[in-house]
Amino acid sequence: MPHVKNLNDVLVGITLVAIAIFALILAWPLNPGTVAAMGPGFFPRLLVFIEIALGLAIILQGFAREGEVFERWFPRQMFFVLASILFFALAIFHLGVIIAVSGTVLVACLAHRGTRFYEAVLLAIGMAAFIVLVFPIALGLPMQIWPMALVR
C-alpha cells in the first residue's frame, strides 16, 4: 500500500468526494434528461461528477507529493465559525438581513483571539451596508432588511 505523503490533501479529497456523494443522493430523483434536452438533474449531476473527479485527483496528489505537516485542529475557531453560520440561518428570516449579517460577522470574529472589538464592529457595519446596497437596492431582490417588529 502506498504511503500517504500529504495527509491534508488526502483528507480534503475524501471530504470533497463525501460531499459530492451526498449531493448525488439528493439530486438522484431529478430527471437528468439528455444533452439535447437537459432536465433539472443534468447540471447538478454534472457538478457532482466534476467534484468527485477533483476530489480523487487531490487524494492521488496526497499520495504523490510531500506537503505540510498535518496541524492539530483548534476547537475555538471551528465552534465560532459554525456558530456564526447557525446564527445567520436562524436570524435571516426573523431579524432581517442587517442584524443577521452583523451578528454573523461579530460571532465569526470571536474565533480569533486578536480581533479588537472596534474592528469587528466596523467590519459588521461595512458588511451589512454592502449587503443592503448590493442585494435589495442594486439587484432589487425582495429581502427583509429589518425585523418585522420594527417595520410595522
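Okay, so let's go over this structure. In this text, all values refer to a predicted model and were calculated from it rather than measured experimentally.

Rules used throughout
- Residue numbers run consecutively from 1 along every chain, following the written order of its sequence.
- Given that this is a predicted model, residues contribute local features only at a pLDDT of at least 70 and side-chain atom pairs are listed and counted only at 80 or more, while totals for whole chains, interfaces and linings are drawn from all residues.
- Calculated side-chain values reflect all of the structure's heavy atoms, with hydrogen atoms and water omitted.
- Only the stretch in contact is used when a helix axis is fitted, and all axes are lines through C-alpha atoms; the angle between N-to-C directions ranges over 0 to 180 degrees.
- Secondary structure elements follow DSSP: runs of H or I no shorter than four residues count as helices, runs of E no shorter than two count as strands, and numbering proceeds from the N terminus.
- An angle below 35 degrees is treated as roughly parallel, one above 145 as roughly antiparallel, one from 65 to 115 as roughly perpendicular, and anything else as oblique.
- Left-handed describes a crossing whose near helix is turned anticlockwise from the far helix by less than a right angle; the clockwise case is right-handed.
- Each residue is assigned to one of three groups, with Ala, Val, Leu, Ile, Met, Phe, Trp, Tyr, Cys and Pro labelled nonpolar, Asp, Glu, Lys and Arg labelled charged, and all others, Gly among them, labelled polar.
- Any residue under 20% of the maximum accessible area for its type is buried, any over 50% is exposed, and the rest in between are partly exposed; the area is computed with a 1.4 Å probe on protein chains only.
- Every residue pair with non-hydrogen atoms within 4.5 Å of one another is taken to be in contact.
- For this document, the term salt bridge refers to a Lys or Arg side-chain nitrogen within 4 Å of an Asp or Glu carboxyl oxygen.

## Notes on the packing of helix 1 (residues 7-27) against helix 2 (residues 42-64)
Contact geometry for helix 1 and helix 2: axes closest at 8 Å, N-to-C directions at 160 degrees. The angle between helix 1 and helix 2 falls in the class roughly antiparallel. In this structure, the crossing between helix 1 and helix 2 has a hand that is left-handed. Partitioned by chemical class, the residues of the contact of helix 1 with helix 2 number 18 nonpolar, four polar and three charged.

## Some details on the environment of L16
By the secondary structure assignment, L16 is in helix 1. L16 gets classed as partly exposed once you look at its relative accessible area, which sits at 25%. Separated by ten residues in sequence, L16 and L26 place their C-alpha atoms 15 Å apart. Setting aside chain neighbours within four positions, we find L16 in contact with E51, G55 and I58.

## A look at the pattern of salt bridges
Under the defined criterion, the tally for this structure stands at one salt bridge. Where R116 meets E119, a salt bridge forms, and the shortest distance between an N and an O atom there is 2.9 Å. Accessibility expressed as a relative area gives 46% for R116, which makes it partly exposed. Exposure remark for E119: the relative accessible area of 33% places this residue in the partly exposed category.

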